[in-house]
Amino acid sequence: MIKLLALLLALAPQILPAPAQMQEKEGSFIVTEKSRGKMEFRLDPKCGLPEEGYTLEVTRTRVKAVASTEAGLFYARQTLAQLEQNGEIPCVKIKDYPRFRWRGFMVDASRHFLSVEKIKQYIDILSRYKINRMHWHLTDDQGWRIEIKKYPRLTEVGARRVEFDGTVTEGYYTQDQIREVVAYAAERHVTVVPEIEMPGHSMATIRAYPELSCEKQPVGNFYTWGSPDIVLCPGSEFTFQFLEDVVAEVSALFPSEFFHIGGDECKKIRWQTCPACQARIKAEGLVADDEFTAEEKLQSYAVNRMEKILQKYGKRLVGWDEILEGGLSPNATVMSWRGEQGGIQAAREGHDVIMTPGSGGLYLNHYQGDPKAEPECYAHHSVLRVPYDYNPVPAELTEEEARHILGVQGNLWSEYIYSDWMRDYLTFPKMFAVAETAWTPLEKKDFTDFCARLDAACARLDAEGVAYHMPLPEQPGGSCSQIAFQDQAVLEFTTSRPMTMVYTLDGSEPSAQSARYEGPITVTESGLLRIASLTSYGKRSLVRDIVLEKMQPIPALHPENPEGISCRSTVGAFRIPYDISQDAVWTPVQIGSLREIPKIYPPDYNMQNPQFFAAEAEGYFKVSSTDTWYFSTLYDELWIDGRLVVDNRAEVKKNYRHDGTLVLEEGIHHFRLVFLSNVTGGWMTARNKGEVLTRKAGSQEWNSLRTL
Ligand code: ACM
Ligand code: ZN
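Conventions we followed
- Residues numbered from 1 in each chain as written.
- Chains lettered and ligands numbered in written order.
- Predicted model: local features only at pLDDT ≥ 70, side-chain atom pairs only at ≥ 80, totals over all residues.
- Heavy atoms only, no water.
- Buried < 20%, exposed > 50% of the residue type's maximum accessible area, 1.4 Å probe, protein only.
- Helix = DSSP H or I, 4+ residues; strand = E, 2+ residues; numbered from the N terminus.
- Pairing = 2+ DSSP bridges.
- Salt bridge = Lys/Arg side-chain N within 4 Å of Asp/Glu carboxyl O.
- Core = buried A, V, L, I, M, F, W, Y, C linked by side-chain atoms within 4.5 Å.
- Contact = heavy atoms within 4.5 Å.
- Polar contact = N/O pair within 3.5 Å; in protein donor to acceptor, adjacent residues only side chain to side chain.
- Axes fitted to C-alpha atoms, helices over the stretch in contact; angles between N-to-C directions.
- Donors = N, O, S within 2.8 Å, 3.2 Å for Na, K, Ca; no water.
- Tetrahedral: all angles 85-135°; square planar, octahedral: opposite > 155°, others 65-115°.

**Details of the pairing of strand S25 (residues 527-534)**
In step 1: Counting buried residues along S25, six of its eight residues qualify, which places the element largely inside the surrounding structure.
In step 2: Bridge analysis of strand S22 (residues 500-504) against S25 gives five bridges, and the strand direction is antiparallel. Paired with Thr504 across the two strands is Arg530, which belongs to S25.
In step 3: Of the strand pairs in this sheet, S25 and strand S26 (residues 544-550) are connected by five bridges, and their pairing is antiparallel.

**Some details on the sheet that holds strand S33 (residues 660-664)**
In step 1: Within the open sheet, the four strands sit side by side as S33-S30-S37-S38. Their pairing is antiparallel. Here the strands that pair on one side only, and so sit at the sheet edges, are S33 and strand S38 (703-704).
In step 2: Here strand S30 (residues 627-633) pairs with strand S37 (residues 692-696) via five bridges, running antiparallel. Looking across to S37, one finds that Tyr630 is bridged to Arg695.

**Description of the pattern of salt bridges**
In step 1: Evaluation of the coordinates by the stated rule reveals 49 salt bridges.
In step 2: Across the pair Asp44 and Arg42 runs a salt bridge, and its minimum N-O distance is 3.8 Å.
In step 3: On the basis of relative accessible area, Arg42 is assigned to the partly exposed category, the value being 31%.
In step 4: A salt bridge links Arg316 to Asp352, with the shortest nitrogen-to-oxygen separation between them at 2.8 Å. Here Asp352 lies in the loop between helix H11 (341-348) and strand S16 (353-355) and Arg316 lies in strand S14 (residues 316-320), a separation of 36 residues in the sequence.
In step 5: Residue Asp352 is classed as buried on the basis of its relative accessible area, which comes to 16%.
In step 6: Salt bridges sharing common partners tie together Arg101, Glu257, Arg316 and Asp352.

**Overview of the nonpolar core**
In step 1: Judged by nonpolar contacts, the single largest core of 109 residues is most densely connected at Phe105, Trp136, Ile146, Phe254, Phe432 and Phe450.
In step 2: No other element matches helix H16 (residues 447-464), which puts seven residues into this core.
In step 3: Setting aside chain neighbours within four positions, we find Phe105 in contact with Tyr122, Leu126, Ile131, Arg133, Met134, His135, Leu364, Gln409, Gly410, Leu412, Thr427 and Met431.
In step 4: With 29 residues, the next largest nonpolar core counts Ala615, Phe621, Trp629 and Leu673 among its residues.

**So, the side chain of Glu401**
In step 1: Secondary-structure assignment places Glu401 in helix H13 (residues 399-402).
In step 2: Under the relative-accessibility criterion, Glu401 is labelled buried at 17%.
In step 3: Within the structure, Glu401 has its side chain in polar contact with the backbone nitrogen of Thr398 (distance 2.9 Å).
In step 4: Contact partners of Glu401, with chain neighbours within four places excluded, come to Ala347, Arg348 and Glu396.

**Here we look at the sheet that holds strand S32 (residues 643-647)**
In step 1: Reading across from one edge, S28-S27-S29-S34-S31-S32 is the order of the six strands in this open sheet, with antiparallel pairing throughout. Both outer strands of the open sheet, strand S28 (587-589) and S32, are each paired with one neighbouring strand and no more. When strand polarity is set aside, the average angle formed by the axes of neighbouring strands in this sheet is 25°.
In step 2: Here strand S27 (residues 566-571) runs beside S28; their pairing, made up of three bridges, is antiparallel. Looking at the pairing, Cys567 lines up with Val589 of S28.

**So, the coordination of the zinc ion (ligand 2)**
In step 1: Protein coordination of the zinc ion (ligand 2) is provided by Cys214 (SG), Cys233 (SG), Cys274 (SG) and Cys277 (SG), with donor distances spanning 2.2 to 2.3 Å.
In step 2: Here the zinc ion (ligand 2) is ringed by four donor atoms whose angles at the metal span 105 to 112°, and the overall shape comes out tetrahedral.
In step 3: Summarised as a motif, the one-chain spacing of the donors to the zinc ion (ligand 2) is C-x18-C-x40-C-x2-C. Taken together, the residues span a long stretch of sequence, with Cys233 in the loop between helix H6 (203-208) and helix H7 (237-253) and Cys277 in helix H9 (residues 275-283) at a distance of 44 residues.

This is how it looks when you write it as structure tokens:
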């Protein structure tokens, strides 16, 4: 009986994205060498189907697909491939077509370069799920990644990045490689859209050609992420000459009608004092008003000029939603990333829009689970369901305005992607949710059903050696991998979507044969809890190892003089606390709060003259009851009563991930912390808030540690 059920399930159509209309029929078509002759794929421009749409009929005796375009037939084949299992195709009648014409995926090749092979693999996989655009983010502060013949330094200098620890990362695509990728994508009905960033996010460009900036001064290594205020100078004619030359070469490589010019997060500080920029503002009559500053209007002027340049090369301008600031160019298309507001405004003004808000789960670099359980990535927390439930057509728009929503796109920003494994882990399965949001009619979407269909898609990734995210066991209130307790601890776990969880307490790797998590686990002894989740087809997630530590409460202290924080610092660039030499010269620093520590020396966000340093601080705090206390911080080390409780050494200190616990007796306790002002994994620790957070076991509310 169970076997029969499994067989039936296996034969139920597992099409992803779900088709617009599908009728399941009795029986199946058996695929043999001979029966392949009974499969017909017919191109009929007059069949009346929407562009990219197709019909597919499978009976016991034949398979027939009809479409008005080659793309439609390609999608019919993708659907058929998903239906076929072990030479058998269930009988169905399908009429299918996309909800949106822009079904996009953005890769960021600048922050961390990815190979041509990897890009092709994404195109291969995603086109199977009817994604039809790859937006290629080719330039940013960290690297210029496309060969431009007229400006060789863009890749000679701009494609080489020296990181804070001295690591050199390099890479760019030759024009031949670009053509190769574009052709590969075209065969799979994917249009590749280039992005050349301007006027902000241009440190790599300026490193290669300093005369493109306002100061025209050479710039040094830019170790970090963020938005430096060294940007292109729109006051200078050379800037536009340069950009036109680049557009000329890039346009010739990409048949796409759209050309992305970036336009996001451009700091306008330098423009305020640049004589050329101010002269341009004056000459063009760019007067500040209630809505926009003169400098915002200068950005709008630059975007307008880019639009005219692009028109010369037969291209349509698309940019991030900041291009609305200062007034939108006449024919610009807007990518709405800072929520939907930019997209709504643009659509109301009659502009085309692509929705890609981070808040809608379209930022693939956001955590797919509890940041405290997941491998380090960018920030935030948006589970698979968020992009799945996202509706790219905001309710505020009229039907007429809504026609301007061309579609939706998932963006894979790569600041925190240190490996292809991580790239895959963040891309999948979220891009499958984006694919269904982009293709399937709203009323046909069903998350539970999607999750059931996901298994087949993920199993296929397994066969291809491509990693993907699986929900991990997470602890309410924030996951923690070290649990101290006095008598017993009760450990509760959940997953971001329904999954089986398995665990061991004997140190062995959890497997399908291990104990199943049925409810909170009570532990009374020290040990190691190893817990993971399992898919229906038996694949195991990453394993979470949780150290269980039975202990007596650490006695309260009775210091004579518990008040004040004692702090000292020493100048230097240190990677880990052990890098500080024994004879380092320390200077006492007067501080009133822990929050002052990361900014003892003012941070240089442009990284042109940064003052790196180490600081140590110690003092006392009080706990209100004898209990297990949790501690969370981004400092390199946090010691409580002489015990290392939080250890972030050599970590990317961006997200609070390594919480620690201790059983503390009610009363006063001692803390000591170490802070290194540096850049680890591209993150500048001087940006951190400098707080230590604490909570009592059982409470989910974190409070700032109040020092005495
Ligand atoms: C962006 O995420 N800065 C477009
Ligand atoms: Zn300027």
